[in-house]
Amino acid sequence: AITEEEDDENDLIPRAPIVTVMGHVDHGKTSLLDHIRNTNVIAGEAGGITQHIGAYNVMLGDGRKITFLDTPGHEAFTAMRARGAQVTDIAIIIIAADDSVMPTTREAIAHAQAANVPMVFAINKIDKPGANPDKIREDLANMNLLVEEWGGKYQCQEISAKKGVGVDDLLEKVLLEAEMLDLKANPNRKATGSIIESSLDKGRGYVSTVLVSNGTLKVGDNVIAGTSWGRIKAMFNERNQRIEKACPAEPAIILGLNGAPTAGDSFHVLETEQEARDIANKRLQLQREQGLRTQKR
Ligand code: GDP
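The shown structure was predicted, so the numbers you read here are calculated from the model rather than taken from an experiment.

## Quick word on helix α1 (residues 29-39)
And then number 1: Every buried residue belonging to α1 is among Lys-29, Leu-32, Leu-33, His-35, Ile-36 and Arg-37, and all of these are buried.
And then number 2: For α1, the secondary structure elements touched by its buried residues are β2 (18-23), β3 (55-59), β4 (65-69), β5 (90-96) and α5 (167-181).

The following block contains the structure:
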């Protein structure tokens, strides 16, 4: 195992919350994320987000930032959690006001609860003639989830993801929830974090999207993730611009690993390439031994 550095209290500074949107198919997850992506940009950076990298960081008009995880469905959320990655700070549960709380919605809620991740409810499609947001609040109350406007503890916002109505208020509620979590990280240490997705690119070799949870990740760092390792050759942001470093709660695309670690694998930065290689080899050996044992059974 890799021993974690202790953080000095004085090094800790606030970091952006990491948010996942979950809900039943067609309830508007994509529309909401598209709207947020298109209306909020990182200051000083022209151009929109040109590629899908599984995570992106947006800055609101007043300078506050939120990192969104945009992995397909909550399968990724579960898969990541199964691998021990607690990547999400806050879950937005989106429910269409012209529908009901669906089985997938219940599943998403159960996942967030099991992970102890606070939820903010977004009642979507309120522009539709058939919208009945009170019906959704009632469905939730029947699950023992009482929303704030009905005297409960859960923040809830009516939105139209399509028209952009209520989305700013929703983000405000997310940030309020984040404030209560008092999220902090230490940028002055070697980075740790999670793999969001990996692939093999014909031109660039193995490419991974990572999310830094603590420390600062830099070009030239020696990284271990799962059984893959390597020295970071180059890093890019969600706008496909070259970057030299990624701070806590920021995603980055990294080049230079010798394999494709699995979503949810944690990554660590080590002093030397040799250390990273040694740990990878030990993990590979362990995997082989476990494989042999299962074969014998
Ligand atoms: P997802 O499957 O949860 O990602 O849902 P989408 O974002 O793809 O939305 C499903 C459908 O609902 C699409 O046809 C959207 O245009 C529509 N939709 C999403 N949000 C709204 C909304 O606020 N109002 C209306 N009228 N339609 C919406």
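## Points about the site of the ligand
And then number 1: Around the ligand, the structure places 15 residues, and the nearest of them are Asp-26, Lys-29, Thr-30, Ser-31 and Asp-127.
And then number 2: Within the side chain of Ser-31, an N or O atom sits 2.6 Å from an oxygen atom of the ligand.
And then number 3: In the environment of the ligand, an oxygen atom lies 3.2 Å from a nitrogen or oxygen atom belonging to the backbone of Lys-162.
And then number 4: For the ligand, whose unbound accessible area comes to 580 Å², protein coverage reaches 74%.
And then number 5: The element best represented in the shell around the ligand is α1, accounting for three residues.

## Digging into the packing of α1 against α5
And then number 1: Interaxial distance between α1 and α5 falls to 11 Å at its minimum, and their mutual angle equals 90°. Of the possible angle classes, the one that applies to α1 and α5 is roughly perpendicular. For the pair formed by α1 and α5, the contact residues are Leu-32, His-35 and Ile-36 on the first element and Val-167, Leu-170 and Leu-171 on the second.
And then number 2: Counted by class, the contact of α1 with α5 contains five nonpolar, one polar and no charged residues.

## Considering the sheet that holds strand β6 (residues 119-124)
And then number 1: Here we have six strands laid out as an open sheet, ordered β3-β4-β2-β5-β6-β7, and mixed in their pairing. The strands lining the two open edges of the sheet, one partner per strand, are β3 and β7 (155-158). Each strand axis lies, on average, 25° off the axis of its neighbour in the sheet, ignoring direction.
And then number 2: As judged from the five bridges shared by β2 and β5, these two strands associate in the parallel manner. From the neighbouring strand, Met-22 faces β5, where its bridge partner is Ile-93.
And then number 3: Along the sheet, α5 contacts β2, β4, β5, β6 and β7; its crossing angle with β7, the most-contacted strand, is approximately 165°.

## Points about the sheet that holds strand β17 (residues 251-255)
And then number 1: If you walk across this open sheet you meet the eight strands as β13-β12-β18-β9-β10-β17-β14-β15, and the pairing is antiparallel. Each edge of the sheet is formed by a strand with only one pairing partner; in this case those strands are β13 (228-231) and β15 (242-243).
And then number 2: One ladder, built from four bridges, connects strand β12 (residues 222-225) with β13; its direction is antiparallel. Pairing of Ala-225 across the sheet is with Ser-228, part of β13.

## A closer look at the packing of aromatic side chains
And then number 1: Taken as a whole and assessed by the stated rule, the structure comprises two aromatic pairs.
And then number 2: Cation over ring: Arg-204 sits above Phe-236, and NZ or CZ is 5.7 Å from the ring centre.

## Focus: the confidence of the model for the protein chain
And then number 1: Mean pLDDT over the protein chain works out to 90, with 90% of the residues at or above the 70 mark.
And then number 2: In the predicted assembly, ipTM is 0.99 and pTM is 0.90.

## Considerations on the pattern of salt bridges
And then number 1: Taken as a whole, this structure holds 14 salt bridges when the rule is applied.
And then number 2: Linking Asp-34 and Arg-37 is a salt bridge whose minimum nitrogen-to-oxygen distance equals 2.3 Å. One end of the pair is Asp-34 and the other is Arg-37, both in helix α1 and three residues apart, which spans about a single turn.
And then number 3: Since its relative accessible area comes to 29%, Asp-34 is described here as partly exposed.
And then number 4: Between Lys-190 and Glu-271 there is a salt bridge, with the nearest N and O atoms lying 3.2 Å from each other. With Lys-190 in the loop between β8 (184-185) and β9 (192-201) and Glu-271 in the loop between β18 (266-270) and α6 (273-296), this pair connects stretches of sequence that are 81 residues apart.
And then number 5: Residue classification places Lys-190 among the partly exposed positions, given a relative accessible area of 31%.

About the cut-offs
Residues numbered from 1 in each chain as written. Predicted model: local features only at pLDDT ≥ 70, side-chain atom pairs only at ≥ 80, totals over all residues. Heavy atoms only, no water. Buried < 20%, exposed > 50% of the residue type's maximum accessible area, 1.4 Å probe, protein only. Helix = DSSP H or I, 4+ residues; strand = E, 2+ residues; numbered from the N terminus. Contact = heavy atoms within 4.5 Å. Near = heavy atom within 4 Å. Polar contact = N/O pair within 3.5 Å; in protein donor to acceptor, adjacent residues only side chain to side chain. Areas by Shrake-Rupley, 256 points an atom, 1.4 Å probe, with all protein chains shown as cover. Axes fitted to C-alpha atoms, helices over the stretch in contact; angles between N-to-C directions. Parallel < 35°, antiparallel > 145°, perpendicular 65-115°, else oblique. Nonpolar A, V, L, I, M, F, W, Y, C, P; charged D, E, K, R; others polar. Pairing = 2+ DSSP bridges. Phe/Tyr/Trp six-rings, centres within 6.5 Å; stacked < 30°, edge-to-face > 60°. Lys NZ or Arg CZ within 6 Å of the ring centre and 35° of its normal. pLDDT = per-residue confidence, 0-100. Salt bridge = Lys/Arg side-chain N within 4 Å of Asp/Glu carboxyl O.

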